[in-house]
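Inside the fold
Residues per chain, in single letters:
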Amino acid sequence: MDDSSRMWADAPGAVAFRTEALCKVYETGPVRVVALDNVDLTLRMGELTVLLGASGSGKSTLLNILGGLDHASSGRVWYRELELTALGDRALTRYRRDHVGFVFQFYNLVPSLTARENVRLVTDIAPDPMPAEEALGLVGLGARMDHFPAQLSGGEQQRVAIARAVAKRPGVLLCDEPTGALDSRTGVQVLEVLDRVNRETGTTTVVITHNAGIRAMAHRVLRFADGRLASEEVNATRVAPSEIVW
Amino acid sequence: MVIPRPQLRALDLKLLRDLRRLWAQVLAIAAVLGCGVAVLLMSLGMSDALDRSRAAYYEREAFAQVFARATRAPLGLAGELRAIPGVRDVEARVSRFVLLDLPGRVRPATAQVVSLPDAGPPRLNRLVLRSGRWPEPGRWDEVIVDAPFAAAQGYRPGDRFAANLGGARRELTVVGTALSPEFVYTIGPGAMMPDPSGHAVIWMPRRAAEAAFDMTGAFDDAVIALRRGADEASVIAAIDRLLAPYGATGAHGRDRQISHAFLDSEIETLRVMAWILPPVFLLITAFLVNMVMARIVALERAEIGLLKAAGYSNGAVLSHYLLLAGLIASVGIALGLTVGGVLAREMAGLYARFYNFPELIFSMSWTAWALGALAGFAAAGLGATRAALGAARLPPAVAMAPPSPPRFARGAVDRLLSAVRLPQTDMMILRSVLRWPLRAGTAVLGYALGTAILVSSSFFSDSLDGIMERAFDLSNRADVVLSFPRDLPVDVIAAVRDLPGVLQAEGHVYAAVRLSHGHLTEDATIQALPPGSDLTRMLDGTRPAAPPDAGAVLTDRLAARLGVRPGEVLRAELVGLRRDPVALRVAGLVPEVMGATAYMTLSGYDRLLGRPPKISSVAVTLRADGEAAFHRAVKAAPAVGGALLLADNRRAFESTIAQNMTVMATVYVVLGSAIAIGVAYNGARIQLSERARELASLRILGLTRWEVSWVLVGEVLLLALLAQPLGWALGYGIAALMADRFSSEFYTLPLVVEPATFAFASLVSLGASVASVMLVRRRIDRLDLVAVMKTRE
Ligand SMILES: Nc1ncnc2c1ncn2[C@@H]1O[C@H](COP(=O)(O)OP(=O)(O)OP(=O)(O)O)[C@@H](O)[C@H]1O
Ligand SMILES: [Mg+2]
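Okay, so let's go over this structure. Bear in mind that the values here come from a model prediction, so they are computed numbers and not experimental data. (Residues numbered from 1 in each chain as written. Chains lettered and ligands numbered in written order. Predicted model: local features only at pLDDT ≥ 70, side-chain atom pairs only at ≥ 80, totals over all residues. Heavy atoms only, no water.)

1. So, the overall build of chain A
- Secondary structure assignment for chain A yields 6 helices and 10 strands.
- Relative to a compact globule of 246 residues, whose C-alpha radius of gyration would be 18 Å, chain A shows 17 Å and is just as compact.
- When each of the 246 residues of chain A is scored for burial, the buried share is 56%.
- Working note: accessible area of chain A is about 10,000 Å², and carbon and sulfur atoms make up 48% of it.
- Charged side chains in chain A number 27 positive and 30 negative. The centres of these two groups are separated by 1 Å. (Helix = DSSP H or I, 4+ residues; strand = E, 2+ residues; numbered from the N terminus. Rg over C-alpha atoms; globule rule 2.2 N^0.38 Å. Buried < 20%, exposed > 50% of the residue type's maximum accessible area, 1.4 Å probe, protein only. Areas by Shrake-Rupley, 256 points an atom, 1.4 Å probe, with all protein chains shown as cover. Lys, Arg positive; Asp, Glu negative; His and termini not counted. Charge placed at Lys NZ, Arg CZ, Asp CG, Glu CD.)

See below:
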């Protein structure tokens, strides 16, 4: 892979993700769940995209496939020129390591590591990371670097998780309900961090949320229903996270 | 300015923190592993030290390879022996068993007299002089005694004692003390344990020995060194041919030289130990590691998912968890190698003193260390592999989702349970056991192995008690057995009965015999008993029995080695008594206790030889007040060649055993408890971690601490109780294995396990289990209800 592919900021507007007839079917016993049903979509470089949709509509499934955590049942997915659906486990691991930052609803910090060490968990193996301290500074936790997760509030833990995700200078930042476990005030703080990272570093960002208000801060809003892309809209003007009606 | 230290990778930091958080569990596992490694190292180290020290000693002091006895062979024959192809050197000696009269000791002592060459020290079986000097060749009264005897009696050069040499009382002067490779393990005739205060080795100049035993120009004992690559069997055959006309009893190799054979059996015992016990510990280690790692991986599903999402490869996750197991193993191995190394050195030192090696060669071979470490890592690796592979294979998307709650289904057993209307907490215990039968089963196996180790170890003392009972209380009930250099007419019994202090006197024959059946040949002892023999009896198990008048009753192991069954006929060579072999019918079998024996009646034996009634020894019981007078009379009696003091013998046996047993028993209680603690503590910790939420809910519902703890304590108790019968059975099995492997040609360990032993083993095992679960129980008391309910799982 050439160096430009993991450049920190990329030409805005170029295609970041593209899917073609993407399907994901879960077959557990006699039940057949179609989580993604022929999804065709395009996400662009540097954009902040919000995924909306009812519970069970397939948002997490899509995010997991885009992030290389899961395999599609059929259809194809590209990250820039790289066809993810053609990759084996080993190559997917490499793809995640080099390009993707994840943020989860339940933070998923390692309890036995401090904030700084949780970030280093990623910078240890990333090809071109920023110092853990810088990443924590970016999320406003420069003063709490040596605290263990148990000593941090939920919002602070989520900000550590974001710092951990951005510290590797990922091509894309994928967030699955990053504010789901937080109250509105802390939620806004977390969104501000995401917004700032997106603005300052140009990282392509995808955020899943149940909070429709959040869509106002996105470049692009995708709505899912029953595994299908129901609607897609582009915001002409974006609202700052602090002005979001929760 | 702070200089940045070299940083550990964050993943490795997690590893170390996990290790620290789990320290109690790690220690509980490491202790079990450490025990296994220590026992392995100790057994290997000790057997190695014994083996090397012995080999070096033999080499340095030119220990002979072949040994022969005759009644009286001309000295000129030594040259012919030396001319046998393959023979390097021959030492023709005069050697006899005699009685000693030691100043200040009422009872007689026994000694083996060995002659020294006329010129210079012996070339074979050389002596290591520990004090004093060699006897002057011209002096008739100067002797060297073995150092342990001198130490036990407090003799120093210049001290004197009396001996009955060939019927004459002689005063001897100690001029030196020495050790010899021939007598590393010194044991008196008929005795079972070394008793340095009651048995001596005496070296005297050849001319003095010749004169004392009327052996001028003759020898009765030859030790032979072989050339490198010589064929021992053909040399032995040649020696037997040359010595046959002179009352030879058959030459033999080191395998039947008493001191050597005893050391062999000791070394073998240690080697067997290394192969029987450590595997049990390693197995339990693997099982504990598996249990703990499976739990850790289950708890860390989300973290594993995160690592994978961040781009850590399957290999990195696998090695992360294997490394954790490796670190646990390292703690155990370090523990085991340290303790094992120290123990091996200490015990080998103890052995060297017990066996009188002039020098102990103790250098743990690197293979022993490596084997210990390797076995430890292998056990931990074996245990960790499944969980670590599971972690590595966990698909990242699945890892992120919480595990689905375990499915409890109402089965037939449940309907049965609800019919008995148990309290809900008991129900929880039973459900958990039934829901995870494999886990419950392995825990039961763990507890059972702990009990088994305790049963099989205590078996030693039960078994030795059994030997004592059989050897003394049931079969050899005399106070003293007097023996004579050659068989005497039966009148001697009356003469002994007339000695002062004598209550009962019975005559017997003990004779060396070489039995053959087909191409199989074994050396054994014939014991011929008078009708209604009371002081010396044949035992069938623990029941006294009488041999029939025709044929001989063989001990079972002897019969097995000869491949004969009752009714079949053996060839018997009565060494030194008859030239040509006689036919001997096997009349029956009895279990062997102390060595290979063929029991006959006195009359049957005399008929076999076609001679008038004779005996070779008289067993005697004494009046309580008659001991001193009796021993005075025996020391003065010229015909008596040996006096076996059974009470002294028993004391020596018991004190040796008691010393060994207290050390061993302590060691085994530690080992058995380590297993029980390792299993119970880890089991309870895992239960607690899996059920923290459940137990906290119970507390919130208003159950008392004890009611809640019962869910934990009850399950451990239930499983530990279920494990006991299995533990007894396994322990009995291990004991049977040990009885079989540890029985030597000197004695057979009877498979005796007293009920008290089972009870004791279960008590220790259950006690250790309950104590460790109580430690875990304290955590329930400290359970932070709010925190537990808030955390996501
Ligand atoms: N491992 C699985 N096995 C079976 N079905 C699954 C699995 N994972 C997801 N599903 C199903 O696929 C569908 C889509 O799930 P997905 O997690 O993508 O929904 P979602 O939009 O993220 O919902 P939510 O907003 O509740 O997180 C659901 O019906 C879900 O039940
Ligand atoms: Mg979801």
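2. Quick notes on the environment of Gly176(B)
Residue and element names in this part refer to chain B.
- By secondary structure assignment, the location of Gly 176 is in strand 8 (residues 168-179).
- Accessibility expressed as a relative area gives 0% for Gly 176, which makes it buried.
- For the pair formed by Gly 176 and Trp 203, sequence separation is 27 residues and the distance between their alpha carbons is 9.6 Å.
- Look past the residues within four positions of Gly 176 in its chain and what remains in contact with it is Ser 131, Gly 132, Arg 133, Val 143, Ile 144, Val 145 and Pro 157. (Contact = heavy atoms within 4.5 Å.)

3. Quick notes on the packing of helix 3 (residues 115-123) of chain A against helix 1 (residues 10-21) of chain B
- Helix 1 of chain B packs onto helix 3 of chain A with a crossing angle of 130° between their chain directions and a minimal axis gap of 8 Å. Classified by the interaxial angle, the pair formed by helix 3 of chain A and helix 1 of chain B is oblique. Where helix 3 of chain A abuts helix 1 of chain B, its residues Glu117(A), Arg120(A) and Leu121(A) lie against Ala10(B), Leu11(B), Leu13(B) and Arg17(B).
- Residue composition of the contact of helix 3 of chain A with helix 1 of chain B, by class: 4 nonpolar, no polar and 3 charged. (Axes fitted to C-alpha atoms, helices over the stretch in contact; angles between N-to-C directions. Parallel < 35°, antiparallel > 145°, perpendicular 65-115°, else oblique. Nonpolar A, V, L, I, M, F, W, Y, C, P; charged D, E, K, R; others polar.)

4. Some details on the site of ligand 1
Residue and element names in this part refer to chain A.
- With respect to spatial proximity, 13 residues lie near ligand 1, and among them Ser 55, Gly 56, Lys 59, Ser 60 and Thr 61 are the closest.
- Between an oxygen atom of ligand 1 and a side-chain N or O atom of Lys 59, the distance comes to 2.8 Å.
- The contact in question runs from an oxygen atom of ligand 1 to an N or O atom on the side chain of Glu 177, over 3.4 Å.
- Starting from 630 Å² of accessible surface for ligand 1 in isolation, the protein chains cover 65%.
- Secondary structure elements with two or more residues in the shell around ligand 1: strand 2 (31-44) and helix 1 (59-66).
- Ranked by residue count, the leading element in the shell around ligand 1 is helix 1, at 3 residues.
- Here the shell around ligand 1 is built from residues that sort into 4 nonpolar, 7 polar and 2 charged. (Near = heavy atom within 4 Å. Polar contact = N/O pair within 3.5 Å; in protein donor to acceptor, adjacent residues only side chain to side chain.)

5. Details of a nonpolar patch on the surface
- On the surface, Tyr26(A), Val31(A) and Val33(A) cluster together into a nonpolar patch covering about 240 Å² of accessible area.
- Along the chain, Val31(A) turns up in strand 2. (Patch = residues over 30% accessible without salt bridge, like charges linked within 9 Å, V, L, I, M, F, W, Y side chains within 5 Å. Salt bridge = Lys/Arg side-chain N within 4 Å of Asp/Glu carboxyl O.)

6. Regarding the packing of helix 2 (residues 23-60) of chain B against helix 10 (residues 366-393) of chain B
Residue and element names in this part refer to chain B.
- In the contact formed by helix 2 and helix 10, the axes pass within 9 Å of each other and the chain directions differ by 155°. By the criterion of interaxial angle, the relationship of helix 2 to helix 10 is roughly antiparallel. Crossing hand, helix 2 versus helix 10: right-handed. Seen from helix 2, the contacting residues are Leu 33, Val 37, Leu 40, Leu 41 and Leu 44; seen from helix 10, they are Ala 368, Trp 369, Leu 371, Gly 372 and Gly 376.
- Looking at the contact of helix 2 with helix 10 residue by residue, the class counts come to 8 nonpolar, 2 polar and no charged. (Left-handed = near helix turned anticlockwise from the far one by under 90°.)

7. Focus on the sheet that holds strand 9 (residues 220-225) of chain A
Residue and element names in this part refer to chain A.
- Pairing is mixed in the open sheet, where 6 strands are placed in the order 6-7-8-3-9-10. Sheet topology places strand 6 (100-103) and strand 10 (228-234) at the edges, where each strand pairs with a single neighbour. If you compare each strand with its neighbour and ignore which way they point, the axes differ by 20° on average.
- When strand 3 (residues 48-53) meets strand 8 (residues 204-208), the two strands line up parallel, connected through 4 bridges. Across the sheet, residue Val 50 finds its bridge partner in strand 8, namely Val 207. (Pairing = 2+ DSSP bridges.)

8. Thoughts on the side chain of Asp18(B)
- Mapping Asp18(B) onto the fold places it in helix 1.
- Apart from residues no more than four positions distant in its own chain, Asp18(B) is found in contact with Ser112(A), Glu300(B), His320(B) and Leu324(B).

9. With respect to the interface of chain B and chain A
- Of the residues lining the interface, 23 residues belong to chain B; the matching set on chain A comes to 25 residues.
- Around 2,200 Å² of area is buried between chain B and chain A when both sides are counted, 61% of it from carbon and sulfur atoms.
- If you look at where chain B meets chain A, you find 1 salt bridge.
- The partner of Arg17(B) in a salt bridge is Glu117(A), and the shortest N-O contact between them spans 2.5 Å.
- There are 6 residue pairs in polar contact (both at pLDDT 80 or more) connecting chain B and chain A.
- Counting residues per element, the ones that place at least two in the side of chain B that touches chain A are helix 1, helix 8 (301-309) and helix 11 (396-400) of chain B.
- A breakdown of the residues in the side of chain B that touches chain A according to their chemical character gives 13 nonpolar, 3 polar and 7 charged. (Buried area = accessible area lost by both parts, 1.4 Å probe.)

10. Some remarks on the sheet that holds strand 5 (residues 82-83) of chain A
Residue and element names in this part refer to chain A.
- The strand order across the open sheet built from 4 strands is 2-1-4-5, with neighbouring strands paired in antiparallel fashion. In this open sheet, the two edge strands, each paired with only one partner strand, are strand 2 and strand 5.
- By the bridge criterion, 2 bridges tie strand 4 (residues 74-79) to strand 5 in an arrangement that is antiparallel. Residue pairing across strands places Tyr 79 opposite Leu 82, the latter belonging to strand 5.
- Along the sheet, helix 1 contacts strand 1 (15-28), strand 2 and strand 4; its crossing angle with strand 1, the most-contacted strand, is approximately 120°.

11. Some thoughts on the packing of aromatic side chains
Residue and element names in this part refer to chain B.
- Summed over all chains, the structure comprises 13 aromatic pairs over all chains.
- Considering the side-chain rings of Phe 183 and Trp 203, the 6.0 Å spacing of their centres and the 70° angle between planes classify their relative orientation as edge-to-face. In this pair, Phe 183 sits in the loop between strand 8 and strand 9 (199-205) while Trp 203 sits in strand 9, placing the two residues 20 residues apart along the sequence. Of the two residues, Phe 183 and Trp 203, neither departs from the other in class, the shared state being buried.
- Relative to Trp 710, the ring of Trp 706 has its centre 6.2 Å away and its plane inclined at 50°; by these criteria the two rings are tilted. Within this pair, Trp 706 and its partner Trp 710 are both found in helix 20 (residues 705-742), separated by 4 residues, close to a single helical turn.
- A relative accessible area of 26% means that Trp 710 is categorised as partly exposed. (Phe/Tyr/Trp six-rings, centres within 6.5 Å; stacked < 30°, edge-to-face > 60°.)

12. A few points about the pairing of strand 22 (residues 642-645) of chain B
All names here are of chain B.
- Residues Gly 642 and Leu 644 of strand 22 are buried on one face, and the alternating residues Ala 643 and Leu 645, pointing to the opposite face, are buried as well.
- Note: strand 12 (residues 480-489) against strand 22, 4 bridges, orientation antiparallel. Across the sheet, residue Leu 482 finds its bridge partner in strand 22, namely Ala 643.

13. Details of the nonpolar core
Residues and elements named next belong to chain B.
- Of all hydrophobic cores here, the largest spans 144 residues; its most connected members are Ile 284, Tyr 321 and Tyr 447.
- Here this core takes 21 residues from helix 7 (residues 258-299), the largest share from any one element.
- Ignoring sequence-local partners within four residues, the contact set of Tyr 447 consists of Ala 676, Val 679, Ala 680, Val 716, Leu 719, Ala 720, Ala 723, Ser 765 and Ser 769.
- Ranked by size, the runner-up nonpolar core spans 46 residues in total, among them Leu 488, Val 492, Ala 596 and Leu 609. (Core = buried A, V, L, I, M, F, W, Y, C linked by side-chain atoms within 4.5 Å.)

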